[in-house]
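Secondary and tertiary structure notes
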Amino acid sequence: MRFEGTASYVADKDLMVAVNAAIALERPLLVKGEPGTGKTELARQIATALGLDIIEWNIKSTTKAQQGLYEYDAVSRLRDSQLGDSRFNDIHNYIKRGKLWDAFAAGKKVVLLIDEIDKADIEFPNDLLQELDRNEFFVYETGETIRAEVRPIVIITSNNEKELPDAFLRRCFFHYIRFPDLDTLKQIVDVHFPGIKPDLLRAALTTFFEVRETPGLKKKPSTSEVLDWIRLLVAEDVDPADLRGDAKNALPKLHGALLKNEQDVHLFERLAFMARR
Amino acid sequence: MFISFFLELKAAKVPVSLREYLSLLEALKADIITYDVEGFYYLSRATLVKDERHLDRFDQVFSHVFKGLEGLEGADILSPENLPEEWLRKLAEKHLTEEEKKLIQSLGGFDKLMETLKKRLEEQKERHQGGSKWIGTAGTSPFGAYGYNPEGVRIGQDGSRNRRAVKVWDKREFRNFDDTVELGTRNIKVALKRLRRWVRDGAQEEFDLPGTIQSTAEHGYLDVRTRPERRNAVKLLMFFDVGGSMDDHIRTIEELFSAARSEFKHMEYFYFHNCLYEGVWKDNRRRRAEVTSTMDLLHKYGSDYKVIFVGDASMSPYEIREAGGSVEHWNAEPGWVWLRRAQQQWPHSIWLNPVQEDAWKYTASIGMIRQLFDGRMYPLTLRGLEAATRELSRKS
């Protein structure tokens, strides 16, 4: 089982090595990178490329590790018992499976995406150590042990909002998705917009890199932004010559897709003002 | 295998453990890569590095260990470190023209050339570590003729070499992520989070599930319990140095300020200039008109406040040591007296300095203030901030 990228996802060699190592050794792969460089997309593409199902677990600040395993709904059992519902005799009725349980019990290989693990509490990764390491966990309420017959491919993404504990990191492979360079970006755009006019592509990417290189930007536009922007350009059928905007405006056409922050827009307007003088 | 690489990584403070090393060996055994150096680089990077801040250091070590600068004599020939020289040789052979190959012969053969090249690389490395930029070898260098590029092993001018041939680890693309560099607000917020202290305080508004279950079980009927919400109870007082030499650091300080503002509900801040004296102010434009007495602050804010002074501490020593030393006004008592008082009132106080740590020793006043703070001065970098918050959150 090897991942070689897909028709709609350009994977660098370093990324492929990391993914294949994680698949072969059955360890989780931790993916970090600037927002919008395709971290989450990676898991979906691995699933597509290998023809596997994907189970997504999106982490929020309130997510507890236990929710990934199972939840015991004590309150509704209590209510049922008060109402005399016979369901309450069987505790299994009140145990809700979590995503990890789903992945372990799938019976075939699946891709498990744990998205934005850094959003959760600091202790969250520690609580999943054993579960991810041994691919099994214990359900206290029923006394069962849930064990994965086939280990899932685990992809974990992080935006670096919190540091992850060392013990957790030691069990993972790690990959940092760099912002792509011009050639790779061209490839990526080609994959998403086959048959785009070459001069438009060149003009767009040059402008994009100019925008990105501008010092002092609060939020640098990244891959997903450039794709959105080019989608707009293609839809509007913009002429490459017009892309630079008019002389009194340094902002590129349809800049809303690239600059997401009014301070950044102001910065560009100021630059334009200075260029005019 | 690769033990020396592993040890060098450890020596370079890349946090690697035996477990990672074993996974690397396991991965090599699993034939994930097939005998190519670049693949090995990627694989070892994915296994051994767990944080992008360490990637740069990893690249340096990798280039150092596998460049074949060391340990190539005699018995080491069979060790894996040998690889890059082979690689060099191949590259060179592939890309040298016949003429150039003859030129190599005239210089004493390939081995001789490689030796000189190695020496040159070594020199280059040292000079680089000395802090200045890498110097191209064009001109007088015998390698100039072959278009030798010190960034990698680009030997041979013709033959358009694609980008991949330059050793990726020598490009050091991850330089930015080393955690000794300065920070953006998001990072600061994360660092400041360490200061949080959760306390349940105030009105009982939150549904307390475990408490309800407990009490229901005890009473035998549904007994709903509530409890107060969790709040961050830490109190923070910040003093910012403004104007003068601080203008160089405005952006960093702004970021720190905005991060702290949004992170802490109980945050108070005041401005001072160079050193703490009898008055501070809240609004920089009206600093002359609305001065708050420092004595009042000392009485107003209790010793449970955590106090952060932010300033470059770069001034004339007189401004700290002597009465009347201030550059702006006549101060009846010297600056150090006020700093001492602040320390006594607020035991949890530290000084953050935006000046780079290695430059501290060149300014006498930095040393003085550092001493006044018993060494609790930290550079305004991520690591410094982390150390500072750890110090502040220590229970006395």
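Residues numbered from 1 in each chain as written. Chains lettered and ligands numbered in written order. Predicted model: local features only at pLDDT ≥ 70, side-chain atom pairs only at ≥ 80, totals over all residues.

**Examining the overall build of chain A**
For chain A, the helix and strand inventory stands at 12 helices and nine strands. Each of the 277 residues in chain A was classed as buried or not, and the buried ones make up 32%. Pairs at least 24 residues apart make up 74% of the contacts formed inside chain A by residues separated by at least 6 positions. (Helix = DSSP H or I, 4+ residues; strand = E, 2+ residues; numbered from the N terminus. Buried ≥ 20, exposed ≤ 12 C-beta atoms within 10 Å, placed from the backbone. Contact = placed C-beta atoms within 7 Å.)

**Focus on the nonpolar core**
By size, the foremost hydrophobic cluster in this structure holds 74 residues, and its most contacted members are A18, L29, I46, L112 and I155 of chain A. Of all the elements, helix α1 (residues 13–25) of chain A adds the most residues to this core, at seven residues. Counting residues in each nonpolar core, the second largest holds 47 residues, with F240, L276, I369 and Y378 of chain B among its members. (Core = buried A, V, L, I, M, F, W, Y, C linked by C-beta atoms within 7 Å.)

**Observations concerning the interface of chain A and chain B**
Each partner contributes residues to the interface: chain A has 22 residues there, and chain B has 24 residues. Mapped by element, the contributors of at least two residues to the side of chain A that touches chain B are α1, α4 (74–83), α8 (166–170) and β9 (173–177) of chain A. The biggest single contributor to the side of chain A that touches chain B is α1 of chain A, with eight residues. Residue composition of the side of chain A that touches chain B, grouped by class: 12 nonpolar, two polar and eight charged. (Nonpolar A, V, L, I, M, F, W, Y, C, P; charged D, E, K, R; others polar.)

**A short note on the packing of α1 of chain A against helix α3 (residues 37–48) of chain B**
Between α1 of chain A and α3 of chain B, the least distance of the axes is 9 Å, while the angle of their chain directions is 55°. For the element pair α1 of chain A / α3 of chain B, the angle class is oblique. As for the relative orientation of α1 of chain A and α3 of chain B, their crossing is right-handed in sense. On the side of α1 of chain A, the interface is formed by K13, D14, V17, A18 and A21 of chain A, while α3 of chain B contributes E38, G39, Y42, L43, A46 and T47 of chain B. Looking at the contact of α1 of chain A with α3 of chain B, its residues break down into six nonpolar, two polar and three charged. (Axes fitted to C-alpha atoms, helices over the stretch in contact; angles between N-to-C directions. Parallel < 35°, antiparallel > 145°, perpendicular 65-115°, else oblique. Left-handed = near helix turned anticlockwise from the far one by under 90°.)

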